[in-house]
Amino acid sequence: MSTGNGADSAPGHISTPTTAARPAAPAAPAAPAAPASRNSMFSSLRIRNYRLFATGQVVSNTGTWMQRIAQDWLVLSLTGSASAVGITIALQFLPMLVFGLYGGVLADRLPKRPLLLATQSAMGLTGIALAALTLAGHVQVWHVYLAALLLGLITVVDNPARQTFVPEMVGKDQVANAVSLNSANFQSARLVGPAIAGVLITAVGSGWAFLLNGLSFAAPIAGLLMMRTKELHPVEPRPRAKGQLREGLRYVAGRPELVWPIVLVGFIGTFGFNFPIWLSAFVSDVFHGDAGTYGLFNTLIAAGSLAGALLAARRGHSRLRLLVAAAVLFSVLLLVTAFAPGFWLFAALLVPIGVFGLTVNVTANSSVQMATDPEMRGRVMALFMMVFTGGTPVGAPLLGWITDTYGARVGMASGALISLAASVAIAVVLARVGNLRLRVGRHGVAFVPAVSRRELVTVA
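What counts as what
Residues numbered from 1 in each chain as written. Predicted model: local features only at pLDDT ≥ 70, side-chain atom pairs only at ≥ 80, totals over all residues. Heavy atoms only, no water. Helix = DSSP H or I, 4+ residues; strand = E, 2+ residues; numbered from the N terminus. Buried < 20%, exposed > 50% of the residue type's maximum accessible area, 1.4 Å probe, protein only. Contact = heavy atoms within 4.5 Å. Core = buried A, V, L, I, M, F, W, Y, C linked by side-chain atoms within 4.5 Å. Salt bridge = Lys/Arg side-chain N within 4 Å of Asp/Glu carboxyl O. Polar contact = N/O pair within 3.5 Å; in protein donor to acceptor, adjacent residues only side chain to side chain. Axes fitted to C-alpha atoms, helices over the stretch in contact; angles between N-to-C directions. Parallel < 35°, antiparallel > 145°, perpendicular 65-115°, else oblique. Left-handed = near helix turned anticlockwise from the far one by under 90°. Nonpolar A, V, L, I, M, F, W, Y, C, P; charged D, E, K, R; others polar. Phe/Tyr/Trp six-rings, centres within 6.5 Å; stacked < 30°, edge-to-face > 60°. Lys NZ or Arg CZ within 6 Å of the ring centre and 35° of its normal. Patch = residues over 30% accessible without salt bridge, like charges linked within 9 Å, V, L, I, M, F, W, Y side chains within 5 Å. Areas by Shrake-Rupley, 256 points an atom, 1.4 Å probe, with all protein chains shown as cover. pLDDT = per-residue confidence, 0-100.

**Quick word on the overall build of the protein**
Phase 1: Scanning the protein for helices and strands turns up 17 helices and two strands.
Phase 2: Classification of the 460 residues of the protein by burial places 53% in the buried group.
Phase 3: Look at the contacts in the protein between residues 6 or more apart in sequence, and 83% of them connect residues 24 or more apart.

Here it is as structure tokens:
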């Protein structure tokens with residue numbers, strides 16, 4: 001991914017508008033933090049404010065993954081139904097689908113740091129409340145549903161605020177690296193969280209995982225309070241005005257470099273990222289495991305995702321052809337894994353699924369962030385997250401029903417086939433938009449610039 005907003009002429013990449021045609025961003029503060037090298041895998045961590053942010057996030061992300069595993073397993077234990085797990089996931093992401101764009105409008109209107117202090121505090125209280133109910137022995141399925149819905153409502157504002165706060169901490173030259181490190185941070189927590197959750201659930205029950213998650217939010221709150229505000233690169237909040245939501249939609253609609261990554265991650269997020277449903281079903285119905293097995297499967301996906309995030313941070317660029325290729329490979333691997341005959345082959349395939357799934361997410365995220373004007377970033381990233389996670393209320397119940405009715409293998413294969421069809425269709429669309437053609441040769445398959453008949457006659 002290029003470090004500026006200029007065009008990238010590489011085949012398979014749709015050029016973005018140059019900065020000359022855009023409104024000027026606010027000037028950077030006079031005394032920024034020490035500059036970071038663009039070529040270093042961890043260059044963003046040289047910036048103090050981002051270090052504080054990343055440290056707090058790795059703690060709370062660990063707690064979040066503990067709660068996710070404990071929540072899924074608790075619902076499965078209370079109901080014995082993969083569909084119930086799907087309903088829980090759907091309730092958590094339904095607010096993003098319904099209100100996601102409004103969360104982006106708020107992120108553009110309000111200062112990010114105070115907004116994040118409020119949302120992170122609210123998330124911590126939600127985890128503590130669910131812990132109290134579970135540890136007291138009074139928890140029922142509707143309590144878990146309600147907690148998931150409340151968490152989803154908070155996420156509507158928290159998600160675009162966190163996404164758009166990253167450029168304010170690191171500056172535009174480090175956005176690609178910071179986005180990749182954010183994903184690496186999240187996946188590092190995903191390695192630890194499920195393992196801890198599996199031990200806790202087996203030893204003392206889900207309630208302690210919920211409690212530790214609630215307490216973990218003290219870390220990001222402390223990090224936000226300790227930041228040096230003079231070293232931030234703040235974007236001037238947009239004043240309240242009519243039509244700001246429609247303005248954001250029109251902005252995206254006129255830019256192919258924004259539309260197609262968002263459409264692609266929408267399909268992948270809706271139909272390809274339903275691992276809580278599939279993995280819990282494989283554990284209980286196919287491999288007859290327990291919470292420790294479920295934690296192991298999530299840890300293996302996290303290991304691959306962490307590797308994908310670090311590779312993205314090292315790569316330092318983002319192209320649409322990489323996004324499409326990763327989406328196709330992710331879908332194919334998902335399909336193969338659905339019919340893996342043995343436990344260890346199934347488990348091993350989860351690692352490359354994590355690599356390519358994370359590559360899709362990071363590549364799309366950084367591409368969209370870098371192609372968006374700062375004053376529009378909140379609404380655009382809200383749309384991105386609304387499509388990526390907001391489709392879950394559609395995909396999760398549907399694939400949960402298929403999994404319950406026809407089995408875990410058919411459920412996973414169904415999501416894989418839909419994701420694969422969408423990836424191939426969008427690859428064809430992008431090739432036509434970019435005037436590219438498919439070339440198959442000794443060095444592999446690639447899109448290359450098409451040559452018109454007129455050009456061939458000229459050359460002849």
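**Here we look at the nonpolar core**
Phase 1: Counting 80 residues, the largest nonpolar core has Phe275, Leu279, Phe297, Leu334, Phe346 and Phe384 as the members making the most contacts within it.
Phase 2: At nine residues, the largest contribution of residues to this core is made by helix 12 (residues 320–338).
Phase 3: Ignoring sequence-local partners within four residues, the contact set of Phe384 consists of Ile262, Val265, Asn361, Ala364, Asn365 and Val368.
Phase 4: Ranked by size, the runner-up nonpolar core spans 20 residues in total, among them Ile47, Val157, Ala161 and Ala178.

**Some thoughts on the side chain of Ser423**
Phase 1: Inspection of the secondary structure assignment puts Ser423 in helix 16 (residues 408–433).
Phase 2: Contacts of Ser423, omitting those with residues within four sequence positions, involve Leu264, Ile268, Val324, Ala327, Val328 and Ser331.

**Digging into the environment of Asp290**
Phase 1: Note that Asp290 resides in the loop between helix 10 (275–286) and helix 11 (291–315).
Phase 2: Exposure remark for Asp290: the relative accessible area of 42% places this residue in the partly exposed category.
Phase 3: Along the backbone, Asp290 and Ser280 are 10 residues apart, and their C-alpha atoms lie at a distance of 9.1 Å.
Phase 4: Setting aside residues up to four positions removed in sequence, Asp290 forms contacts with Trp73 and Val283.

**Some words on the pattern of salt bridges**
Where charged atoms of side chains with opposite charge meet at close range, the side chains can pair.
Phase 1: The tally for this structure, following the rule as stated, stands at four salt bridges.
Phase 2: Between Arg379 and Asp108 there is a salt bridge whose closest N-O contact spans 2.7 Å. You can see Arg379 sitting in helix 14 (residues 377–390) and its partner Asp108 sitting in helix 2 (residues 82–109), a full 271 residues away along the chain.
Phase 3: Lys112 is paired through a salt bridge with Glu168; the nearest N and O atoms lie 3.3 Å apart. On the criterion of sequence distance, the pair formed by Lys112 in helix 3 (residues 112–135) and Glu168 in helix 4 (residues 141–170) is long-range, its members being 56 residues apart.

**Here's the deal with the side chain of Gln71**
Phase 1: Counting through the fold element by element, Gln71 comes out in helix 1 (residues 48–79).
Phase 2: Residue classification places Gln71 among the buried positions, given a relative accessible area of 4%.
Phase 3: At 3.5 Å, the side chain of Gln71 forms a polar contact with the side chain of Gln92.

**A look at the environment of Phe42**
Phase 1: Mapped onto the fold, Phe42 is located in the segment before helix 1.
Phase 2: For the pair formed by Phe42 and Leu310, sequence separation is 268 residues and the distance between their alpha carbons is 9.0 Å.
Phase 3: Filtering out sequence-adjacent residues up to four positions away, Phe42 remains in contact with Asn177, Leu181 and Leu310.

**Let's talk about the packing of helix 1 against helix 2**
Phase 1: In the contact formed by helix 1 and helix 2, the axes pass within 8 Å of each other and the chain directions differ by 140°. Looking at the two axes, helix 1 sits oblique to helix 2. Our pair here, helix 1 against helix 2, has a crossing hand that is right-handed. Note on element contacts: helix 2 touches helix 1 through Ala82, Ala84, Val85, Thr88 and Gln92, opposite Gln71, Asp72, Val75, Leu76 and Thr79.
Phase 2: For the contact of helix 1 with helix 2, the class distribution of residues is five nonpolar, four polar and one charged.

**Here we look at the packing of aromatic side chains**
Phase 1: If you walk through the whole model with that rule in mind, you get 17 aromatic pairs.
Phase 2: A centroid spacing of 5.4 Å and a plane angle of 35° characterise the contact between Phe297 and Phe343, whose relative ring orientation is tilted. A residue pair is termed long-range when its members are at least 10 positions apart, and Phe297 in helix 11 and Phe343 in helix 13 (residues 343–370) qualify at 46 residues.
Phase 3: Since its relative accessible area comes to 0%, Phe297 is described here as buried.
Phase 4: Aromatic side chains Trp401 and Tyr406 sit 6.0 Å apart centroid to centroid with 85° between the ring planes, which places their arrangement in the edge-to-face category.
Phase 5: Within the aromatic cluster, the residues linked to one another by ring pairs are Phe282, Phe287, Phe297, Phe343, Trp344 and Phe346.
Phase 6: A cation sits over an aromatic face here: Arg68 above Trp65, 4.7 Å from the ring centre.

**A few points about the environment of Phe388**
Phase 1: Along the chain, the position of Phe388 falls in helix 14.
Phase 2: Along the chain, Phe388 and Phe273 lie 115 residues apart, while their C-alpha atoms are 9.5 Å from each other.
Phase 3: In contact with Phe388, other than residues within four places in its own chain, are Val265, Gly269, Thr270, Phe273 and Asn361.

**Points about a nonpolar patch on the surface**
Phase 1: A contiguous nonpolar surface patch, about 910 Å² in accessible area, is contributed by Leu94, Leu97, Val98, Phe99, Tyr102, Trp142, Leu146, Leu150, Leu153 and Val394.
Phase 2: Only helix 2 and helix 4 provide two or more residues apiece to the nonpolar patch.
Phase 3: Of all the elements, helix 2 adds the most residues to the nonpolar patch, at five residues.
Phase 4: Along the chain, Tyr102 falls in helix 2.
Phase 5: Residue Tyr102 is classed as exposed on the basis of its relative accessible area of 51%.

**Topic: the confidence of the model for the protein**
Phase 1: Mean pLDDT over the protein: 79, with 83% of residues reaching 70 or higher.
Phase 2: Across the protein, helix 7 (residues 218–226) holds the top mean pLDDT of 94, while helix 17 (residues 453–459) sits lowest at 43.
Phase 3: Ignoring residues within four places in sequence, the model shows residues 1–38, a span with pLDDT below 50, making 76 contacts including any to other chains.
Phase 4: Counting interchain partners and residues more than four positions distant, the pLDDT-below-50 stretch residues 451–460 has two contacts.

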